Amino acid sequence: MIITGVVIAAAVLALIFFVLRGVGAARTYSTLQELTQQIEPVDLEAFRNLTEPSEEEFLRSALPPSQFRAIQRERLRAAIDYLGGVSHNAALLLQLGQAARQSADQQVAEVGRRVTDDALRMRMYSMMAIGKLAVRYVIPGAKLQPGGVIDRYQQLTSAAVRLGKIQVAEKKAV
Amino acid sequence: MDAMDSVTRDQYYTAWLIERYVSAGLRFAVIHEIFHHVFRTYPALQKLGGRIFRWSTALLMVVAVVLVAYTTGTNLDRLSVVPIVIDRAVDIMQVGLLVVLLLLVKYLRLTWSTYALPVAVGLGLYSSTMLVMAAFHAHYGRYFEPVLFGHIEHISYSCSNLVWFTALLIPERAVQPVEPPSAEELESWNAALQRLLEQ
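1. Thoughts on the overall build of chain A
For chain A, the helix and strand inventory stands at seven helices and zero strands. Beginning at the N terminus, the succession of helices and strands in chain A can be written as α-α-α-α-α-α-α. Sorting the 174 residues of chain A into buried and exposed places 34% on the buried side. Here the analysis covers contacts within chain A between residues at least 6 apart in sequence; of these, 70% occur between residues at least 24 apart.

2. As for the overall build of chain B
Helix and strand counts for chain B stand at six helices and zero strands. Along the chain direction, N to C, the helices and strands of chain B fall in the order α-α-α-α-α-α. Within the span of chain B, comprising 199 residues, buried residues form 31% of the whole.

3. Thoughts on helix 1 (residues 2-23) of chain A
All names here are of chain A. Taking 1.5 Å of rise per residue, the 22 residues of helix 1 would be expected to cover 32 Å, and the 32 Å separating its terminal C-alpha atoms lies within 8% of that figure. Listed as buried for helix 1 are V7, A11, A14, L15, F18 and R21. For helix 1, the arc enclosing every buried residue in end-on projection is 135°, short of the 170-degree limit, so these residues lie on one face. The exposed residues of helix 1 that point more than 90 degrees off its buried face are I2, G5, A9, I16, L20 and V23.

4. Points about the packing of helix 3 (residues 44-51) of chain A against helix 5 (residues 65-101) of chain A
All names here are of chain A. At a minimum axis distance of 9 Å, the contact between helix 3 and helix 5 shows a crossing angle of 140°. Accordingly, the angle class assigned to the pair helix 3 and helix 5 is oblique. The interaxial crossing formed by helix 3 with helix 5 has left-handed handedness. Residues A46, F47, L50 and T51 of helix 3 form the contact with helix 5, whose participating residues are R75, A78, A79 and Y82. Here the residues of the contact of helix 3 with helix 5 sort into six nonpolar, one polar and one charged.

5. Observations regarding the packing of helix 1 (residues 9-39) of chain B against helix 2 (residues 46-70) of chain B
Residue and element names in this part refer to chain B. For the pair helix 1 and helix 2, interaxial distance at closest approach is 9 Å and the crossing angle is 155°. Overall, the two elements helix 1 and helix 2 adopt an arrangement that is roughly antiparallel. Regarding helix 1 and helix 2, the two cross each other, and that crossing is right-handed. Each of H32, F35, H36, V38 and F39 in helix 1 lies in contact with helix 2, whose residues at this interface are Q46, L48, G49 and F53. Among the residues making up the contact of helix 1 with helix 2, the classes are represented as five nonpolar, four polar and no charged.

6. Focus: the nonpolar core
Looking at soluble globular proteins, one finds that nonpolar side chains tend to be buried together. Residues L93 and V115 of chain A together with L98, L101, A120 and L131 of chain B are the most contacted members of the largest nonpolar core, which totals 74 residues. Aside from chain neighbours lying at most four places away, what touches L93 of chain A is V115, A119, L156 and A160 of chain A.

7. Notes on the environment of I92 of chain B
Residues and elements named next belong to chain B. Its place among the elements puts I92 in helix 3 (residues 78-108). Classification of I92 as buried rests on a count of 25 C-beta atoms within 10 Å. A sequence separation of 81 residues divides I92 from Q11, and the C-alpha atoms of the two residues are 28 Å apart. Not counting residues within four places of it along the chain, the set of residues in contact with I92 comprises L60, V63, A64, L67 and L131.

8. Focus: the confidence of the model for chain B
Residues and elements named next belong to chain B. Per-residue confidence for chain B gives a mean pLDDT of 79; residues scoring 70 or more make up 79%. Ranking the elements of chain B by mean pLDDT puts helix 6 (residues 183-198) last, at 60, and helix 5 (residues 146-169) first, at 88. Per the prediction output, this complex has pTM 0.73; the corresponding ipTM is 0.71.

9. A look at the environment of S127 of chain B
Residues and elements named next belong to chain B. Summarising the element assignment, S127 is placed in helix 4 (residues 116-140). Sequence-wise, S127 and P171 are 44 residues apart; in three dimensions their C-alpha atoms are separated by 27 Å. Setting aside residues up to four positions removed in sequence, S127 forms contacts with D91, Q94, V95 and L98.

Conventions adopted
- Residues numbered from 1 in each chain as written.
- Chains lettered and ligands numbered in written order.
- Predicted model: local features only at pLDDT ≥ 70, side-chain atom pairs only at ≥ 80, totals over all residues.
- Helix = DSSP H or I, 4+ residues; strand = E, 2+ residues; numbered from the N terminus.
- Buried ≥ 20, exposed ≤ 12 C-beta atoms within 10 Å, placed from the backbone.
- Contact = placed C-beta atoms within 7 Å.
- Expected span 1.5 Å × (residues − 1).
- Arc of directions from axis to C-beta.
- Axes fitted to C-alpha atoms, helices over the stretch in contact; angles between N-to-C directions.
- Parallel < 35°, antiparallel > 145°, perpendicular 65-115°, else oblique.
- Left-handed = near helix turned anticlockwise from the far one by under 90°.
- Nonpolar A, V, L, I, M, F, W, Y, C, P; charged D, E, K, R; others polar.
- Core = buried A, V, L, I, M, F, W, Y, C linked by C-beta atoms within 7 Å.
- pLDDT = per-residue confidence, 0-100.

Have a look at this one:
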């Protein structure tokens, strides 16, 4: 009976989810100014320190095991918060890229497509990285590193800056 | 066939089973098509969409088999077991796939075409209702509350049809021309991104 109850509860939750998804709409920001205000600052250097294996090894060797586990959990929680910020900013850039994809200007549309692709990859990547850190939070001994996030994030923001620059140049020319 | 004297009980049962399998197969095909449709405009996700569909299907199949294997029914006869087991496994997989798809689209903030979302939502409504009923059938037997469950199935199917036909009546969304931002807005956007880059 327990498994039947679980299946019924899951199916009812799914039913509610489908109804809500059918009537609800995703939040979108209409102006660029609104988007800019939503950008969350992310300290990449601090994130790098929190996820650096050598830092972790140093703490492991310098602290008693119980204290190390407590501190490591705090560090992982902070790293997950930073990744949340990265993911949030990628979602904003995704919206910017999707808007630029529709531009009549070929160059703007092309860079918009690139920003969209990079932002999507970043969203996927940050989701996987958060998953890895969550596993490490539960199992502190697990060897999982969210590598490559910083490089990809910088690549994405560079592409978005390039898009902005092209658009500014065009605006000024007009 | 139900009303034809020339059709035997076994023939009716076989035809009914075939109808269930074909219907389940078609629903999987529709879900696969929605996955393909949603991801096709995003080159970065084209391969990923197919991969997520395959892995989710495999994972949900394992979940369905485990759930079915560990469920103890009280009123199951030999004739009821096969369709009940298959119905429930298929419904678990279909509901799971649609939930995965909707969550992924929501998380990645992808845009739906006018028809893809209603098709997914309508199918999800129907599949999750069928899953609830399949779970009750698995526990209490195929003939548990047949009239009530028959009505529920019809209402659920009608609601799904309503969602699909309403979507068909809504004109396809035209591509909205994006209001070009002002140079000042773009400058401040660039400055914000530059600050991010320099951190």
